[in-house]
Amino acid sequence: MIYNLAQIIEQGASDFPEREAYRCMDDSITFAELHQKSDQLAMYLIRAGVKKGDRVAVYMNRCLDAPVAVFGILKAGAAYVPMDTFAPLSRSLYILEDCDIEHMVTSPSQRKKVASLIKDAPFLKSVIGISEVSDGKSVAWERVFSNPVEGFGPPRVLEQDLAFILYTSGSTGTPKAMMHTHNSALSLVKVVGDLFGFHPEDRVGIFAPLHFDMCMFGYFIAPYVGAVAIIIPDAHFKMHASLSALVEKEKITIWYSVPYVLTQVLLRGEIEKHDFSALRWVLFAGELFILKHLRALMLQWPHAKFGNLYGPAETIACTYYVVEEPPTIGEPIPIGTVWGNTEYKILDSEDRVVAPGDTGELVVRSASTMLGYWKNEELTEKAFYKLNISPGYDHLYYRTGDLMRENDKGELMFMGRNDRQLQLRGHRVELDGIEHTLLKNEDVEEAAVVAIERDEDHTELVAVVKPASGSRLNPKDLSLFCKTAMPSYAVPQSILVRNDFPRTSSGKIDRKEIQKELTSL
């Protein structure tokens with residue numbers, strides 16, 4: 001019986017030792033090899049002083065070293081803390097300090113960045129994966145893998161123990177650190193694996209970086225069922241035709257990414273030149289899928305099933321909706337229904353359950369919910385709605401901050417964010433609703449709307465749009481379109497046309513960065 005994440009690889013090595021567990025480009029690692037190497041890493045960490053419950057950083061790009069790092073840290077009884085190698089070093093240093101990290105696992109490609117980081121992190125006791133960076137601290141992988149593992153006995157790890165900590169993007173302010181247990185991850189692994197029928201013959205693409213919760217489909221669900229996980233290198237997300245070619249070459253059967261990646265493949269990936277017939281599930285989450293692009297992709301890939309998943313990183317994921325037919329251009333598709341180990345309520349501003357069909361904040365109670373925020377009891381307390389069941393016993397629901405309503409079929413419809421609403425000239429304005437209207441224009445590929453406070457008495461709505469390929473998007477024409485499609489108080493005062501947006505490491509539009517940039521102008 002599997003009751004912690006590390007046992008996934010132990011079971012795989014026992015059941016199918018010579019089967020590929022992970023692939024990256026033309027290299028691969030079998031379950032037996034991964035089991036041995038992660039044992040060797042775990043043993044080295046323990047000898048270096050890592051104790052059960054300690055946090056160990058993972059600082060590497062997408063590569064075959066990553067699963068070795070993840071499972072080696074877990075086998076040592078520690079929690080892994082994935083870091084974004086493209087983030088400023090100041091942010092990386094903050095995470096190291098905030099999480100009291102003394103040990104880091106990295107790869108040779110990060111030598112230069114790690115050398116700079118070590119200078120400001122004297123508290124680091126060991127850096128595994130590179131050599132000759134800091135005397136007495138760094139050790140090459142070869143040395144780790146040279147140690148025999150006979151007699152190695154990993155510490156006992158329980159379901160409730162800490163498994164990993166994920167940091168939010170923190171575009172403005174201090175990033176939040178979400179603590180997930182082995183149980184919260186395993187509950188997702190089991191329910192999603194069954195729901196979408198993962199099986200040993202699947203080839204699961206890893207389209208998300210390790211510090212983004214979507215990567216768990218590849219890192220945990222794939223090996224749990226004995227499937228091979230395909231790690232897609234970072235460079236392919238800048239060359240979309242090469243991404244299409246890789247998906248074809250690897251015969252990926254399950255795709256899970258943010259809609260942005262799928263949209264770029266549709267528009268710039270030369271998909272008509274490639275064979276995607278192996279795809280059986282195309283899953284997406286993290287942001288709304290622009291309907292015209294979703295429709296076009298479903299028409300291109302009629303053989304595949306499409307699914308819309310939803311869930312903040314605090315719950316990893318909690319709802320799904322199978323898109324049966326290419327959508328018409330109209331109301332966004334539902335985020336669907338919760339799966340078996342989840343329940344929800346929709347609350348008004350006074351924490352009362354709303355009437356059927358009314359809009360309110362979604363609160364979720366799920367087995368995959370985080371333990372809380374690292375070192376922040378006050379924020380953790382605010383993040384949960386407590387429903388008293390009996391004296392001394394509460395049910396805890398995570399406050400998503402997302403506005404939802406149920407449609408006539410009982411499916412959840414995303415209505416925007418609590419923090420994406422504002423009162424403007426006496427009217428309630430939903431920024432997500434304005435974006436949705438802009439995207440109905442055939443000349444608009446993507447859109448972001450932000451509110452800029454110019455002074456105490458004046459708030460300006462600014463729309464930033466990316467033109468569709470081949471279009472001649474004119475801000476004046478788009479403004480006229482808005483005036484015919486929405487109330488006058490919701491029409492953006494300024495419309496800026498750009499070729500691209502600032503983005504988070506997961507590919508989402510970084511609206512906070514846009515707002516910060518426009519405010520400073």
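Residues numbered from 1 in each chain as written. Predicted model: local features only at pLDDT ≥ 70, side-chain atom pairs only at ≥ 80, totals over all residues. Heavy atoms only, no water.

1. A short note on the overall build of the protein chain
When you go through the protein chain residue by residue, the secondary structure sums to 15 helices and 27 strands. The globule rule puts the C-alpha radius of gyration for 521 residues at 24 Å, and the 23 Å found for the protein chain is close to it. Its C-alpha atoms give the protein chain principal-axis dimensions of roughly 75 × 60 × 45 Å. Looking at the protein chain alone, contacts between residues at least 24 apart form 65% of all its contacts between residues at least 6 apart. About 22600 Å² of surface is accessible on the protein chain, with carbon and sulfur atoms providing 49% of the total. Averaging the positions of the 55 positive and the 69 negative side-chain charges in the protein chain gives two centres separated by 2 Å. (Helix = DSSP H or I, 4+ residues; strand = E, 2+ residues; numbered from the N terminus. Rg over C-alpha atoms; globule rule 2.2 N^0.38 Å. Contact = heavy atoms within 4.5 Å. Areas by Shrake-Rupley, 256 points an atom, 1.4 Å probe, with all protein chains shown as cover. Lys, Arg positive; Asp, Glu negative; His and termini not counted. Charge placed at Lys NZ, Arg CZ, Asp CG, Glu CD.)

2. As for helix 8 (residues 216-225)
Among the 10 residues in helix 8, nine count as buried, and that is most of the element. Just downstream of helix 8 lies glycine 226, where phi reads positive at about 85°. (Buried < 20%, exposed > 50% of the residue type's maximum accessible area, 1.4 Å probe, protein only.)

3. Remarks on the packing of helix 9 (residues 240-250) against helix 10 (residues 259-268)
One way to put it is that helix 9 packs onto helix 10 with a least axis distance of 9 Å and a crossing angle of 100°. Here helix 10 runs roughly perpendicular to helix 9, going by the angle between their axes. Here His240, Ala241, Leu243 and Ser244 of helix 9 lie close against helix 10, whose contacting residues are Val261, Gln264, Val265 and Arg268. Residues of the contact of helix 9 with helix 10, tallied by class, amount to four nonpolar, three polar and one charged. (Axes fitted to C-alpha atoms, helices over the stretch in contact; angles between N-to-C directions. Parallel < 35°, antiparallel > 145°, perpendicular 65-115°, else oblique. Nonpolar A, V, L, I, M, F, W, Y, C, P; charged D, E, K, R; others polar.)

4. Re the packing of aromatic side chains
Going through the model one piece at a time under the given rule, you end up with 16 aromatic pairs. Seen from their ring centres, tyrosine 22 and tyrosine 219 are 5.9 Å apart, and the 40° between their planes marks the pair as tilted. Of this pair, tyrosine 22 sits in strand 1 (residues 20-24) while tyrosine 219 sits in helix 8, placing them 197 residues apart in sequence. By relative accessible area, tyrosine 219 is classed as buried at 4%. (Phe/Tyr/Trp six-rings, centres within 6.5 Å; stacked < 30°, edge-to-face > 60°.)

5. Quick word on the domain arrangement of the protein chain
As far as domains go, the protein chain holds domain 1 (31-181), domain 2 (232-333), domain 3 (342-415) and domain 4 (425-519). The C-alpha centroid of domain 2 is placed 31 Å from the C-alpha centroid of domain 1. Each partner contributes residues to the interface: domain 1 has six residues there, and domain 2 has seven residues. Here domain 1 packs against domain 2, burying approximately 630 Å² in sum over the two surfaces, 56% of which is carbon and sulfur. When the area that domain 1 buries against domain 2 is broken down by residue, the three leading residues are Arg62, Met178 and His180, summing to 72%. Counting across the domain 1 and domain 2 interface gives one salt bridge. Here domain 1 and domain 2 share two residue pairs in polar contact (both at pLDDT 80 or more) between them. Looking at the side of domain 1 that touches domain 2, its residues break down into two nonpolar, two polar and two charged. (Domains from an automatic or database assignment. Buried area = accessible area lost by both parts, 1.4 Å probe. Salt bridge = Lys/Arg side-chain N within 4 Å of Asp/Glu carboxyl O. Polar contact = N/O pair within 3.5 Å; in protein donor to acceptor, adjacent residues only side chain to side chain.)

6. Brief notes about the pattern of salt bridges
Counted under the stated rule, the structure contains 27 salt bridges. Close ionic contact of arginine 23 with glutamate 20 constitutes a salt bridge, the shortest N to O distance being 3.0 Å. Residue classification places arginine 23 among the buried positions, given a relative accessible area of 13%. Between glutamate 270 and lysine 273 there is a salt bridge whose closest N-O contact spans 3.7 Å. For lysine 273, a relative accessible area of 57% translates into the label exposed. Linked through salt bridges whose partners overlap, the residues forming this network are Arg268, Glu445, Glu446, Lys466, Asp500 and Arg503.

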